[in-house]
Structures are given as structure tokens and as C-alpha cells.
Amino acid sequence: MIRFRWLPAVALPALLVVGGCGTGSDDLVRRTAEEFTAAVASGDVERACGLLTERAREDVECESLDVPGGTVRAVEVWGDAAQVHTSDDVLFLRELASGWRVAGAGCESQGERPYTCEVGGP
């Protein structure tokens, strides 16, 4: 019988390294959310609106776009949909042919019911 005494010593650190890394999608979602919140914070409404999905743009006049923003705290990705928690907001993103875009911003949890958003939605 062969014993692998070294396996736990190698497998556990490898698992921690792999588990600690974000996926490519997580990184792209994070960058899009950071770019969106920075654009809103700096008053670059043209750039912020360019990062919205077409459907979300229908819900807002770009010149008056004003959502909380904040620093990205957590990213969750499910296929072509993502949720981003910032220090001040919750964003929903969708992956389109043109990349990740913000589908909902200024969103608040309603408990068991769907989030309500100032712009777009989940």
C-alpha cells in the first residue's frame, strides 16, 4: 500500500491559493463596477451611461444620473449575471457582447422580494 504523506502538505496550500484567486469574470465585473462608480463620482455621466445596459439607460436621463457608488466590497458572478456590493450601493451587471454592463444601480434589498433599483434592475 502506497501512502501519500505529502499530499495534505501540498494539496492544502494549493487549494488555498486557487480558492483565493478571483475568476476572470470576477475581475472583469469588479473593473466595470469600479469604472462605473468612479465615473458617477467624478460627474462623468457620459462614461457612466456608456457602462449601462440599453434597458437601464431607458430608465434614466444620463445628465441627471446620481446613484450612491462607493468602493467595491464583494462580487458574485452567476454565468452572464453578477451582483456587486459596494460600500454604499448594490449593482447588478450583465455580460453582453460588448462586455460587462451595469443593469441596475442604486439598488436596495426588499427582503424576500426582488431588489428595487433607482436605475434599471436586477
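Residues numbered from 1 in each chain as written. Predicted model: local features only at pLDDT ≥ 70, side-chain atom pairs only at ≥ 80, totals over all residues. Heavy atoms only, no water.

Student: When you look at the nonpolar core in this model, what are you seeing that I'm missing?
Tutor: Grouped burial of nonpolar side chains is what soluble globular proteins tend to show. In terms of nonpolar packing, the biggest core is built from 24 residues, with Phe36, Leu52, Leu65, Val84, Leu91, Leu93 and Val119 touching the most fellow members. Contributions of two or more residues to this core are made by helix H2 (24-42), helix H3 (45-50), strand E1 (72-78), strand E2 (81-86), strand E3 (90-96) and strand E4 (99-110). Of the residues forming this core, the biggest block, five residues, is contributed by H2. What Leu52 contacts, discounting residues up to four positions off in sequence, is Phe36, Arg57, Val60, Arg101, Val102 and Val119. (Core = buried A, V, L, I, M, F, W, Y, C linked by side-chain atoms within 4.5 Å. Buried < 20%, exposed > 50% of the residue type's maximum accessible area, 1.4 Å probe, protein only. Helix = DSSP H or I, 4+ residues; strand = E, 2+ residues; numbered from the N terminus. Contact = heavy atoms within 4.5 Å.)

Student: Would you mind going over the pairing of E3 with me for this structure?
Tutor: Within a regular strand, side chains alternate between the sheet's two faces. Direction of pairing for E2 relative to E3: antiparallel, over a ladder of five bridges. Bridge assignment links His85 to a residue of E3, and that residue is Val90. In this structure, the hairpin formed by E2 and E3 is closed by a connection of three residues. In terms of strand pairing, E3 meets E4 through five bridges, oriented antiparallel. Counted as the bridge partner of Glu95 is Trp100 from E4. The antiparallel pairing of E3 with E4 creates a hairpin that spans two residues between the two strands. (Pairing = 2+ DSSP bridges.)

Student: So what exactly am I meant to see when it comes to the pattern of salt bridges here?
Tutor: Oppositely charged side chains are able to pair whenever their charged atoms sit close together. Inspection of the entire model under this criterion finds one salt bridge. A salt bridge links Glu35 to Arg47; the shortest N-O distance between them is 2.1 Å. Linking Glu35 in helix H2 with Arg47 in helix H3, this pair joins segments that are twelve residues apart in sequence. By relative accessible area, which is 35% here, Glu35 ends up partly exposed. (Salt bridge = Lys/Arg side-chain N within 4 Å of Asp/Glu carboxyl O.)

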